[in-house]
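# Overview (structure and organization)
Listed below, chain by chain, are the residues.
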Amino acid sequence: MSLFVLPLPFRDPLVTFQAFAFDPYAALLDSASTNDERSRYAYIAVEPFRVIAAHDEATINGVPVRGDPFTVLERELAAHRLPAGEIPVPFGTGAVGFFGYGLGRHLEALPEPAVDHLNLPEMVLGLYDVIVAFDLRTRQSWVVSSGVPEKSEAARRQRAEERGKAVAARMEASSQEIPSLDWSPLATWQYEQARDTVEASISKVIDYIRAGDIFQANLTQRYRASRPKGLNDFMLYRRLRALSPSPFAAFLRCGPGLSVASASPERFLQLDPDGHVETRPIKGTRRRDPNPTRDAALALELTHSAKDRAENTMIVDLMRNDLGRVCTLGSIHVPQLCGLETFASVHHLVSAVQGKLRPEFGLVDLLRASFPGGSITGAPKIRAMEIIAELESAPRGVYCGSIAWIGFDGAMDSNIAIRTLTCAGDTILAQAGGGITADSCPELEFKEAMVKLRPLLQAVAGRAA
């Protein structure tokens, strides 16, 4: 089947999304940093025909269904499978949304996380038969429509054209201007654990490492704020984006009262229609400095840090093992190990692990084998997750899970949901942490987490925070 593809005059994706920013379900996959191929494409997904969610049970459009969330997703993707089409972008309709960190309990026997009165869902994914796609390099854009969920070819073609033109009409009717960034609504953050408590938990992780339980665990801390009057979720995302443009940025509307604003620099899993897989774990961080000489010195210090390189290499080994569960023997390789990558507020060490999916496996098998990402759990993964559940004061929710697009043709790209704000009603959550190893210093690990948190806290409290 050929998709309906309608070329459009190019508009900034952020300006375009203004037309849909207050829909109950919508997604902007933003690629806000345009420094490499990972930032080439942006997507807007609107008006889903189905919403898959998971809380105590999986639901479709609010109705409980049998099966764990991964099984339900697999079933829905199979029911709407499309062949790879001739389209100008990698993603041509499918599922968009988030997988919360807590979905790991459906894959492994893990302890229950701390109770949180916010009671956030573990997963929200819309199934979208229309997307707006942007090639930021060539400055082209299109409406892409697939006609799913119609069954017959004729009905699909008719629906695809009607839905595609309807979304284009909504865009055309919307303003081509976007309000200026508004920094006036400000709020005060409250930490949920005192600094000495956080550092004591880091010391406990070090004790577990020295006792031989684990090699590394990623321990995090959470802050919360009450939404300031006059600050809507999309403006909050724009503030975060201005402070921390990132290649895997995203803004999600996930139903009434729930939005996600992410400035993630980290790819979790990419899968193309031919089965090629890539993951790009991040481990190792230094802050940016406005003085170019000091900034370069911090980057050089990071690249020569034995502690940070060891931390990164441990997670590369973990991800090689995870991919090895579903990839062809001998296909897994590491084209980049501990490469320096620089972002708006931090320097990172980033590695790349690639492989080829075995023919009998699909993208949900890949998710089951790899979720949650090793860079935000630790090694060995299961024991590290048990320790995380013991020591962290709150469930992670969206944070440390993944925001993804999943094509009906079997392709996928996804981030690790770090540098991410969760807006739940009038409560805004920010979390950050880092990998703890035997050589970690609790005081320095706390400071590193604050470097990562800073753009998130500033987005809500003001740029001077």
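In this report, we go over the structure that sits alongside the text.

Reading the values: rules and limits
- Position labels on residues start from 1 in each chain and follow its written sequence.
- Per-residue local features are limited, in this predicted model, to residues with pLDDT of at least 70; the limit for side-chain atom pairs, both in listing and counting, is 80 or more; totals at the level of whole chains, interfaces and linings are taken over all residues.
- With hydrogens and water stripped out, all remaining heavy atoms of the structure feed into the side-chain values.
- Labels follow the DSSP assignment, with helices taken as runs of H or I lasting at least four residues and strands as runs of E lasting at least two, numbered in each case from the N terminus.
- In protein, a polar contact requires one atom able to donate a hydrogen and another able to accept it; more generally it is a pair of N or O atoms within 3.5 Å, and residues adjacent in sequence count only if both atoms are side-chain atoms.
- We call two residues in contact when some of their heavy atoms are within 4.5 Å.
- A fitted line through C-alpha atoms serves as each axis, taken over the contacting stretch for helices, and the angle formed by two N-to-C directions is quoted from 0 to 180°.
- With respect to orientation, any angle under 35 degrees is reported as roughly parallel, any angle over 145 as roughly antiparallel, any angle of 65 to 115 as roughly perpendicular, and every other angle as oblique.
- Crossing handedness is read from the near helix: turned anticlockwise from the far helix by less than a right angle, it gives a left-handed crossing, and turned clockwise, a right-handed one.
- Throughout, the ten residues Ala, Val, Leu, Ile, Met, Phe, Trp, Tyr, Cys and Pro are labelled nonpolar, Asp, Glu, Lys and Arg are labelled charged, and all others, Gly among them, are labelled polar.
- Here, expected helix span is obtained from the residue count minus one, scaled by 1.5 Å.
- Residue exposure (1.4 Å probe, protein chains only): buried if accessible area is under 20% of the type maximum, exposed if over 50%, otherwise partly exposed.
- Starting at the helix axis, one direction is taken to each C-beta atom, and the arc is that of these directions.
- Should a side-chain nitrogen of Lys or Arg be within 4 Å of a carboxyl oxygen of Asp or Glu, the pair is scored as a salt bridge.
- To qualify as a nonpolar core, a set must consist of buried Ala, Val, Leu, Ile, Met, Phe, Trp, Tyr and Cys residues joined through side-chain atoms within 4.5 Å.
- Note on pairing: DSSP must find at least two bridges between two strands before they are called paired.

### Comments concerning the side chain of Arg-267
With respect to the helices, strands and loops of the structure, Arg-267 is situated in strand 15 (residues 267–271). Here Gln-270 takes part through its side chain, which lies 3.4 Å from a polar atom of the side chain of Arg-267. In contact with Arg-267, other than residues within four places in its own chain, are Arg-38, Phe-248, Glu-278, Thr-279, Arg-280, Asp-413, Ser-414, Asn-415 and Ile-416.

### Describing the packing of helix 2 (residues 69–79) against helix 8 (residues 363–370)
The geometry of a pair of packed helices is captured by two quantities: the angle between their axes and the separation between those axes. Running from N to C, helix 2 and helix 8 point in directions that differ by 165°, and their axes come no closer than 10 Å. Accordingly, the angle class assigned to the pair helix 2 and helix 8 is roughly antiparallel. The two elements helix 2 and helix 8 meet at a crossing, and its hand is right-handed. Counting all contacts with helix 2, which are made through Phe-70, Thr-71, Leu-73, Glu-74 and Leu-77, the residues of helix 8 involved are Leu-363, Val-364, Asp-365, Leu-367 and Arg-368. Grouping the amino acids of the contact of helix 2 with helix 8 by side-chain chemistry returns six nonpolar, one polar and three charged.

### A few points about helix 4 (residues 195–210)
Compared with the 22 Å implied by 1.5 Å per residue over 16 residues, the 23 Å span of helix 4 between its first and last C-alpha is a close match. Residues of helix 4 that are buried include every one of Val-198, Glu-199, Ser-201, Ile-202, Val-205, Ile-206, Tyr-208 and Ile-209, and no others. End-on, the buried residues of helix 4 take up no more than an arc of 165°, which puts them together on one face. Exposed side chains of helix 4 directed beyond 90 degrees from the buried face belong to Asp-196 and Arg-210. Lining the buried residues of helix 4 we find strand 12 (216–226), helix 9 (381–391), strand 24 (427–436) and helix 10 (442–461). The positive-phi residue at the C-terminal boundary of helix 4 is Gly-212, with phi of around 90°.

### Overview of the pattern of salt bridges
Applying the stated criterion across every chain, the model contains 42 salt bridges. Among the ionic pairs, Asp-213 bridges to Arg-383, the shortest N-O distance being 2.9 Å. Separated by 170 residues along the polypeptide, Asp-213 in the loop between helix 4 and strand 12 and Arg-383 in helix 9 bring together distant segments of the chain. On the basis of relative accessibility, which here comes to 28%, the residue Asp-213 falls in the partly exposed class. Salt bridges here are not isolated pairs; linked through shared partners, they connect Asp-23, Glu-47, Asp-129, Arg-159, Arg-163 and Arg-170.

### A look at the nonpolar core
In terms of nonpolar packing, the biggest core is built from 139 residues, with Phe-99 and Leu-421 touching the most fellow members. Not counting residues up to four positions away in its chain, the partners in contact with Leu-421 are Trp-189, Leu-236, Leu-240, Ser-259, Val-260, Ala-261, Ile-428, Leu-429, Ala-430, Leu-456, Ala-459 and Val-460.

### Some thoughts on unusual backbone geometry
With an omega dihedral of 20°, the bond running from Val-148 to Pro-149 counts as a cis peptide bond. On the secondary structure map, Pro-149 appears in the loop between strand 10 (140–145) and helix 3 (153–173). Note that the residue after Ala-379, namely Pro-380, is joined by a cis bond; omega there is -10°. Positive phi, close to 55°, is recorded for Asn-119, a residue that is not glycine. Of note, Arg-419 is a non-glycine position whose phi angle comes to about 50°, a positive value. The exposure class of Arg-419 is buried, given its relative accessible area of 11%.

### As for helix 9
Within helix 9 the residues assigned to the buried category are Lys-381, Ala-384, Met-385, Ile-387, Ile-388 and Leu-391. Burial along helix 9 is one-sided: seen end-on, the buried residues are contained in an arc of 160°. Contact partners of the buried residues in helix 9: helix 4, strand 12, helix 7 (306–324), helix 8 and strand 20 (378–379).

### Side note on the environment of Ala-379
Within the secondary structure layout, Ala-379 lies in strand 20. For Ala-379, a relative accessible area of 8% gives the class buried. Through-space distance from the C-alpha of Ala-379 to that of Gly-435 is 9.9 Å; in sequence the pair is 56 residues apart. Not counting chain neighbours up to four residues away, the residues in contact with Ala-379 comprise Ile-214, Phe-215, Gln-216, Leu-318 and Ala-384.

### As for the pairing of strand 7 (residues 94–99)
The buried count for strand 7 comes to six of six residues, which makes it a mostly enclosed element. With six bridges connecting them, strand 7 and strand 8 (residues 123–128) associate as antiparallel partners. The partner of Phe-98 across the bridge, within strand 8, is Val-124. Relative to strand 21 (residues 402–407), strand 7 is paired through six bridges, and the arrangement is antiparallel. Counterpart to Phe-98 in the pairing with strand 21 is Ile-403.

### Details of the side chain of Ser-402
If you trace the backbone, Ser-402 turns up in strand 21. The exposure class assigned to Ser-402 is buried, which follows from its relative accessible area of 1%. A polar atom in the side chain of Ser-402 sits 2.6 Å from the backbone oxygen of Asn-415.

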